[in-house]
Amino acid sequence: MEILQGLRKPYKELPSKYFYDEVGSQLFDRITEVDDYYLTRTESLILQQQIEAIAAALGPQCMLIEYGSGSSIKTRQLLDHLVDPIAYVPIDISREHLLQASLTLAHAYPTLEILPICADYTSAFALPQPSRPGKRKVAYYPGSTIGNFDSEPAKRFLSQIAQTCGKGGGLLIGVDLKKDFAILHKAYNDCDGVTAQFNLHLLERLNEELASNFQLDQFGHYAFYNPGQGRIEMHLVSLQKQEVQFGDETITFDNFESIWTESSYKYTLDEFRQLANSTGFQVEHVWLDPQQLFSIQYLSE
Ligand code: AVJ
């Protein structure tokens, strides 16, 4: 399985999607509130300030497909401003989040057709057909989670969204921007230590679900910005030479050896434009916060 495959590599790594069990998701929610982590609040500020222009860019009678919809709280701002939306398609891997959010939204928007999909949105899925003929299929991909993709997978994923939306469709996407390294460093090494807890929780989850025996106090959180690659890298560093059991398999760690647990890529506007163009999208609109930390972009197919 991909967990052990990653830990058997000469440079150990784990897929960042495993962060988000119930506890991991709650820890991420706490990260979004710490002062040092600018990303979520900056995206919300842009959405709030530019909501009319953003809704106008998406256009009337659109079928809004949200990747990683979660509680869909942020989406309500959008749904309140869209002109006569045909349907809302929340996609999330967590069935309980999806059900809860769909029920809440169905009460709040009784005339809006809600067609939830429980899936890992990075894999192929069939798009439901709304009862009213949908005009523009528009994807919404908030939170700069595109930053978790290396360049080739990012290209494949955006191309997949372009295919799903089809000609005349579009993508509203949050993209974190390159910036002062000190701001980036703080955001992933917050002084409240929540990011460290979030990172270390991954080992707790492996202990619980795969009966491994990681000693959390024998690993340290380490995150740094890699300017050559344009990404934050999060690592868990072994603080001593040690062995970890996975059933009858032993994984050995040298002193100061690390497990790479997440990449978070940052783009200049031009770099992201090049990526978008390579997948068939054109950048139609870019909305920025006053300090140009973050961007919300509307790409047309
Ligand atoms: C949810 C992937 C956008 O990369 O900033 C936050 C996850 N990792 N702090 C990000 C995260 C450490 C976050 N994304």
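Details of the structure are given in the entry above.
Residues numbered from 1 in each chain as written. Predicted model: local features only at pLDDT ≥ 70, side-chain atom pairs only at ≥ 80, totals over all residues. Heavy atoms only, no water.

S.K.: For this particular structure, what's the right way to read the site of the ligand?
M.R.: The full set close to the ligand counts 14 residues, and Tyr37, Gly143, Tyr188, Glu262 and Ser264 are the nearest of them. In this structure, an oxygen atom belonging to the ligand sits 2.6 Å away from a side-chain N or O atom of tyrosine 188. At a separation of 2.7 Å, an oxygen atom of the ligand approaches a polar side-chain atom of serine 264. Bound to the protein, the ligand loses 97% of the 350 Å² it would expose on its own. When residues of the shell around the ligand are traced back to their parent elements, those giving at least two are α2 (22-31) and β11 (258-265). (Near = heavy atom within 4 Å. Polar contact = N/O pair within 3.5 Å; in protein donor to acceptor, adjacent residues only side chain to side chain. Areas by Shrake-Rupley, 256 points an atom, 1.4 Å probe, with all protein chains shown as cover. Helix = DSSP H or I, 4+ residues; strand = E, 2+ residues; numbered from the N terminus.)

S.K.: Sorry if this is basic, but what is going on with the sheet that holds strand β8 (residues 231-238) here?
M.R.: Strands belonging to one sheet form pairs held by backbone hydrogen bonds; the direction of such a pair is parallel or antiparallel. Overall, antiparallel pairing links the three strands, which are arranged β7-β8-β11 in an open sheet. Since the sheet does not close on itself, it has two edges, and those belong to β7 (219-226) and β11, each with one partner. Across this sheet, the average inter-strand angle for adjacent strands is 20°, counted without regard to direction. In terms of strand pairing, β7 meets β8 through eight bridges, oriented antiparallel. Paired with glycine 220 across the two strands is valine 237, which belongs to β8. Along the sheet, helix α8 (residues 194-210) contacts β7, β8 and β11; its crossing angle with β8, the most-contacted strand, is approximately 60°. (Pairing = 2+ DSSP bridges. Axes fitted to C-alpha atoms, helices over the stretch in contact; angles between N-to-C directions. Contact = heavy atoms within 4.5 Å.)

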